[in-house]
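Listed below, chain by chain, are the residues.
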Amino acid sequence: MSYNVLLADQPREYISALDDKSRRIVKENLGKLADDPYPRPGSGQGDKEKLVVDGEELYRLHIGRTHTSFYDILEDKQEVRIIEVLDIDEAHNRYGFN
């Protein structure tokens, strides 16, 4: 089962401002959400996590050690909506994650 990965305005702007290598890495990692957007505890892939941000359940994806994406999964529409992409330090400062 494959999901459509959709980007909001902020992620589009963030990605377009990256250098070529970073842009490619971020796009590749976001693209992987089409096949498997859910965290898999115990799978050895610690890059995805379900959490609560500002009272709303969202998912978080670490991309390398540089970027963090926040996204939502709309199962009924088979969509993964990328809400925000940030520098990992900014994400940790803003949302208090370790």
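Residues numbered from 1 in each chain as written. Predicted model: local features only at pLDDT ≥ 70, side-chain atom pairs only at ≥ 80, totals over all residues. Heavy atoms only, no water.

Trainee: Break down helix H2 (residues 20-31) for me, with residues and values.
Mentor: Every α-helix carries 3.6 residues per turn, so stepping three or four residues along brings you back to the same face. Taking 1.5 Å of rise per residue, the twelve residues of H2 would be expected to cover 16 Å, and the 16 Å separating its terminal C-alpha atoms lies within 8% of that figure. Taken together, the buried positions of H2 are occupied by Ser22, Val26, Asn29 and Leu30. Burial along H2 is one-sided: seen end-on, the buried residues are contained in an arc of 100 degrees. Facing away from the buried surface of H2 by more than 90 degrees, the exposed residues are Asp20, Lys21 and Lys27. Residues of H2 that are buried make contact with strand E1 (4-7), helix H1 (9-16), strand E3 (56-63), strand E4 (67-74) and strand E5 (79-87). Structurally, the start of H2 carries an N-cap: the backbone nitrogen of Lys21 is 3.1 Å from a side-chain oxygen of Asp19. (Helix = DSSP H or I, 4+ residues; strand = E, 2+ residues; numbered from the N terminus. Expected span 1.5 Å × (residues − 1). Buried < 20%, exposed > 50% of the residue type's maximum accessible area, 1.4 Å probe, protein only. Arc of directions from axis to C-beta. Contact = heavy atoms within 4.5 Å. Polar contact = N/O pair within 3.5 Å; in protein donor to acceptor, adjacent residues only side chain to side chain.)

Trainee: How would you explain the pattern of salt bridges if you had to name every residue and give the values?
Mentor: Under the counting rule described, the total for this entry stands at seven salt bridges. Arg24 is the salt-bridge partner of Glu28, the closest N and O atoms lying 3.5 Å from each other. Here Glu28 and its partner Arg24 are both found in helix H2, four residues apart, which amounts to about one turn of the helix. With its nearest N and O atoms 2.8 Å apart, the salt bridge here joins Arg81 to Glu79. Assessed through its relative accessible area of 33%, Arg81 is described here as partly exposed. Connected through salt bridges with shared partners, the residues Asp36, Arg40 and Lys48 form a single ionic network. (Salt bridge = Lys/Arg side-chain N within 4 Å of Asp/Glu carboxyl O.)

Trainee: Outline the pairing of E3, listing residues and values.
Mentor: Judged by how many residues are buried, E3 sits mostly within the fold: six of eight residues are covered. Inspection of the sheet shows strand E2 (residues 48-53) paired to E3 by six bridges, in the antiparallel sense. Each residue of the ladder has a partner; that of Glu49, found in E3, is Arg60. From the end of E2 to the start of E3, which pair antiparallel, there are two residues, and Asp54 there has a positive phi angle of about 55 degrees. As defined by bridge partners, E3 adjoins E4 across five bridges and the pair is classed as antiparallel. Each bridged residue has a counterpart across the sheet, and for Tyr59 the counterpart in E4 is Tyr71. Joining the antiparallel neighbours E3 and E4 is a turn of three residues, in which Gly64 adopts a positive phi near 60 degrees. (Pairing = 2+ DSSP bridges.)

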